[in-house]
Amino acid sequence: MFAKKKLIVGMLAAMPIVSFAAGDDITLTEDAEQLDTLVVTATMAAKKIEDIPAFATVVTKDDIAKSTVSSVADLLRETVGVNNFSDSTGRDEIQIRGLDGDYTVLLVNGKRVSAGTAFDKGSDTDLNSVSLNSIERVEIIRGPMSVLYGADAIGGVVNIITKKPQPDAGWTGTASAEMRKIESGEGGDQYRVGVTGMGAITDKVALSVSVEDLRQKAWFANDEDISPLREKKNAQNLSSTLTWQAAENQEVDVDFGYNHDERPYQIFNSSGATREQEITRTDLAITHKGKWDWGDTTAYIKREESDIYDYNSQYDEPEAHSGLEANNTYAKGYANKVIGMHALMAGVDYQNEQLKNSYTLLDTGEYNVDQYGVFAQDEMALTDKLVFTLGGRVDNHEIYGNNFSPKAYLVYNATNSLTLKGGVTKAFKAPEVSKLSEEYRTVSCGGACTLSGNPDLEAETSISYEFGVDYHTRAFNATAAVFRNDIDNLIEREVGYDSSGNANSAKWINVATAMTQGFELSASSPLTDDLLLKVNYTYLDTEAEDSDGVKTTLTGRPEHQASLSLDYQATEILATYVSVNYIAGMQYSSWVSGVGDVYSTLPSYYRTDIGLVADVTDNLVLRAGIKNIGDVRLDEEDTGYTTYELGRNYFVSAAYNF
């Protein structure tokens, strides 16, 4: 195991490593002016990425336009420290630093998106609720951000920032269409069309609107298979922002979003079980931003309402769960003020999450939980080079009462090019309704048992550490970091088996501890005026210990994950790119009668993608490429893989700017 002692050695070793490591999204230079990469999510104020008290990656709309990605999850998994552990039917789950999706907060324009948890067996609809063509940038914060965003931001935060109109700009837009076809296996064609437009309505009011329609056919590994490795999906998304410059120092944004995500009736496992899911979600948010003599303020309120249909042949009667609702209300207000050496920020937030489900909430058919938070953070400039950030949050949970989450962080600008930073954060996470409510009942074990909520569960707590360096020159950018997350009272599903190895019981329990730790490295450098090299690497070590002291490895997480890409501007019109991704050391477990869980390491693999971008005219851009050139198929590599890679597939797209 990658012990604490080795982690400390790794922290010290990270300092000289910076001389050849680089970060692919940092643009500060020592001897030439370049545009700084700014991050808002880490401090709730725009700061240069090297100065924030966290480690982050920023992916822009230009990065998306010249990549081979087909979804937000596909985009995220190619960044350092992030893994997309899709399940056996292709549903996505983003892991940051080895922690499950439950520990990552997904934001759109700084506001939570969370209706997907209302599905009895889970869903990835939240990740698919934002169209690719509406995205301006994505900020990925690796590591805990619980002080600012609440309990479940232990692993990190993903903030999708959509395109916003400018009141003084003319009307512009883009119409796009894309087609993807899979050569290997059977089916899997994907079609996407979208339109984005934005501009000024008056000298004080502007509007942006993005719409997208996605059609995805089921993909089967082999012609004779009855269940797909990636399910069929139809989705329509709309996002819009109306911006009103109410006064010289005040701005009001009204965001409206619509998401309809349908997973049609289909077989989803080898036993022939069938399911169908659908969500229709609308959300409305109003944000006010003000700049005053005494400081800056931001306040918003958001309402997210979702109607859900959930059918599964393994449910008890009725198999079809209709009339389900997930209604969430989020509100937040905070202020920023600089006083001498102190950059102060303080605020409050509120969450109300309501679930209506008479099929699993057997007594009342409804569950409401309120949570309030008060938070503050002070970035103290101790010297011209050293900034000490001290923050804290008090969460008041309806069931678990008051809980305090502190953060302490140092950022030291050793030179114009070299920054050292690190800190420690504590966090608290309450169980969701499906794990906590004693009236909650659902079918589990493939229909062989019932899983109930456990009101005796303790809340999870965590302490996280990280340390690293950023290094930037005109020709070279670098980031290297080590991290460790220690979680107490980790909540997991405990499954019981009979003497024949068949599951016959299930319950939610607190295990003693869990740990993830590792090392992250990312790098970029222009090898020539026309050729850019980008690399990243993540090493991950995990461990869980149950109440009996038995230690195991957390499965479904790669020990080694690396990516290398080359972007080549061949001519003024044509650009090409190639990327190679490497996965190794993923663990899986299988039940052996008389022995118990047996752990094994899955084989490593590479995936190579290529593509090209052609600026045919000032208005027309064409893209084409091949993903998974080597046709790597995890179902053929090892039956222990419960995730998948699409077989060799081709895509073409066109975008017309007007």
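As a reminder, the structure under discussion sits directly above these lines.
(A) Structural context of the overall build of the protein chain. Along the backbone of the protein chain there are six helices and 40 strands. In terms of overall size, the protein chain behaves like a compact globule, its C-alpha atoms giving a radius of gyration of 24 Å where 658 residues would be expected to give roughly 26 Å. Dimensions of the protein chain, computed from C-alpha atoms along their principal axes, come out at roughly 70 × 55 × 55 Å. Burial analysis of the protein chain (658 residues in total) assigns 54% to the buried set. The long-range fraction of contacts in the protein chain, counting pairs at least 24 apart against all pairs at least 6 apart in sequence, stands at 63%. Total accessible area on the protein chain is roughly 27400 Å²; 55% of this is exposed by carbon and sulfur atoms. Within the protein chain, the 98 negative side-chain charges are centred at a point lying 3 Å from the centre of the 56 positive side-chain charges.

(B) Region of the structure containing the nonpolar core. Grouped together as the largest cluster of nonpolar side chains are 26 residues, with contacts concentrated most on Ile308, Leu361, Tyr367, Tyr400 and Phe428. Breaking this core down by element, the ones donating at least two residues are β19 (320–339), β21 (366–381), α5 (433–436), β26 (449–452) and β30 (503–510). For Leu361, the residues in contact, after removing those within four places along its chain, are Leu355, Glu366, Tyr367, Val433, Ser437, Glu439 and Tyr440. Among the nonpolar cores identified, the runner-up in size contains 21 residues, and Val72, Leu76, Ile140 and Ile160 belong to it.

(C) Examining the pairing of strand β6 (residues 104–108) more closely. For β6, the tally of buried residues reaches five of five residues, placing the bulk of the element in the interior. Across the two faces of β6 the burial is the same, with Thr104, Leu106 and Val108 and Val105 and Leu107 all buried. As paired strands, β6 and strand β9 (residues 156–162) are joined by five bridges and run parallel to one another. The residue bridging Leu107 from the neighbouring strand is Asn159, located in β9.

(D) How the structure looks around the pattern of salt bridges. By the definition in use, this model includes 46 salt bridges. Residue Lys61 is joined to Glu136 by a salt bridge in which the shortest nitrogen-to-oxygen separation is 3.6 Å. In this pair, Lys61 is assigned in helix α2 (residues 61–65) and Glu136 in strand β8 (residues 135–142), connecting sequence segments 75 residues apart. Look at Lys61 and you get partly exposed, because its relative accessible area is 37%. The shortest N-O distance in the salt bridge between Arg263 and Asp261 comes to 2.6 Å. Take Arg263 and Asp261: they sit in the same class, and that class is buried. A single network of salt bridges, built from pairs that share partners, joins Asp74, Arg77, Glu78, Arg607, Asp609, Lys627 and Glu645.

(E) Structural detail: the environment of Lys291. Position of Lys291 among the secondary structure elements: in strand β17 (residues 274–292). Spatially, the C-alpha atoms of Lys291 and Ala570 are 46 Å apart, while their sequence positions differ by 279 residues. Leave out the neighbours within four places in its chain, and Lys291 touches Asn249 and Asp296.

(F) Quick look at the sheet that holds β6. Spatially, the five strands line up as an open sheet ordered β3-β8-β9-β6-β7, and their pairing is mixed. The sheet terminates laterally at β3 (55–60) and β7 (111–112), the two strands that pair on one side only. In this structure, β8 lies alongside β9, joined through seven bridges in antiparallel fashion. From the neighbouring strand, Arg137 faces β9, where its bridge partner is Ile161.

(G) Focus on empty space enclosed by the protein. Per the counting criterion, the structure on display carries six cavities of 30 Å³ or more. Here the second largest cavity defines a volume of roughly 320 Å³. Around the second largest cavity, the lining is made up of 28 residues, and of these Val108, Leu238, Ser239, Gly257 and Asp283 lie nearest the centre. Secondary structure elements with two or more residues in the lining of the second largest cavity: β13 (205–216), β15 (233–247), β16 (250–267), β17 and β18 (295–312). Looking at side-chain class alone, the lining of the second largest cavity contains eight nonpolar, 13 polar and seven charged residues.

(H) Representation of unusual backbone geometry in the model. Across the junction of Glu317 and Pro318, the peptide omega takes the value -5°, indicating a cis bond. Checked against the element boundaries, Pro318 lands in the loop between β18 and β19. Its identity as a non-glycine residue notwithstanding, Met44 has a phi of 65°, on the positive side. Its place among the elements puts Met44 in the loop between β1 (38–39) and β2 (47–48). The exposure class assigned to Met44 is buried, which follows from its relative accessible area of 7%.

(I) How the structure looks around the side chain of Asn403. Inspection of the secondary structure puts Asn403 in strand β23 (residues 401–413). One polar contact links the side chain of Asn403 to the main-chain carbonyl oxygen of Tyr400, over a distance of 3.4 Å. In this structure the side chain of Asn403 is engaged in a polar contact, spanning 3.3 Å, whose partner is the backbone oxygen of Gly401. Not counting residues within four places of it along the chain, the set of residues in contact with Asn403 comprises Arg393, Val394, Asp395 and Phe428.

(J) Looking closely at the pairing of strand β39 (residues 620–627). Residues Val621, Arg623, Gly625 and Lys627 line the buried face of β39, whereas the alternating positions Leu620, Leu622, Ala624 and Ile626 sit on a face that is not buried. Of the strand pairs in this sheet, strand β38 (residues 605–615) and β39 are connected by six bridges, and their pairing is antiparallel. Across the sheet, Leu612 pairs through a bridge with Ala624, a residue of β39. Here β39 pairs with strand β40 (residues 649–657) via eight bridges, running antiparallel.

(K) Molecular detail of the packing of aromatic side chains. Summed over all chains, the structure comprises six aromatic pairs. Judged by centre distance (6.4 Å) and plane angle (40°), the rings of Trp219 and Tyr644 are tilted. Remark: Tyr644 occurs in the loop between α6 (634–637) and β40 and Trp219 occurs in strand β14 (residues 219–220); sequence separation between them is 425 residues. On the basis of relative accessible area, Tyr644 is assigned to the buried category, the value being 13%. On the basis of an interplanar angle of 40° and a centroid distance of 5.1 Å, the ring pair of Tyr350 and Tyr372 is categorised as tilted. Remark: Tyr372 occurs in strand β21 and Tyr350 occurs in strand β20 (residues 342–356); sequence separation between them is 22 residues. In this structure, Arg180 is placed above the aromatic ring of Phe651, and the distance from its NZ or CZ to the ring centre is 4.5 Å. One residue, Lys421, lies across the ring of Phe55, its end atom 5.1 Å from the ring centre.

What counts and what doesn't
Residues numbered from 1 in each chain as written. Predicted model: local features only at pLDDT ≥ 70, side-chain atom pairs only at ≥ 80, totals over all residues. Heavy atoms only, no water. Helix = DSSP H or I, 4+ residues; strand = E, 2+ residues; numbered from the N terminus. Rg over C-alpha atoms; globule rule 2.2 N^0.38 Å. Buried < 20%, exposed > 50% of the residue type's maximum accessible area, 1.4 Å probe, protein only. Contact = heavy atoms within 4.5 Å. Areas by Shrake-Rupley, 256 points an atom, 1.4 Å probe, with all protein chains shown as cover. Lys, Arg positive; Asp, Glu negative; His and termini not counted. Charge placed at Lys NZ, Arg CZ, Asp CG, Glu CD. Core = buried A, V, L, I, M, F, W, Y, C linked by side-chain atoms within 4.5 Å. Pairing = 2+ DSSP bridges. Salt bridge = Lys/Arg side-chain N within 4 Å of Asp/Glu carboxyl O. 1 Å grid on protein atoms, 1.4 Å probe; cavity = no way out; pocket = protein on both sides within 12 Å on 5 of 7 lines; lining within 4 Å. Points joined across faces, edges and corners; volume = space filled by probe spheres on them. Nonpolar A, V, L, I, M, F, W, Y, C, P; charged D, E, K, R; others polar. Polar contact = N/O pair within 3.5 Å; in protein donor to acceptor, adjacent residues only side chain to side chain. Phe/Tyr/Trp six-rings, centres within 6.5 Å; stacked < 30°, edge-to-face > 60°. Lys NZ or Arg CZ within 6 Å of the ring centre and 35° of its normal.

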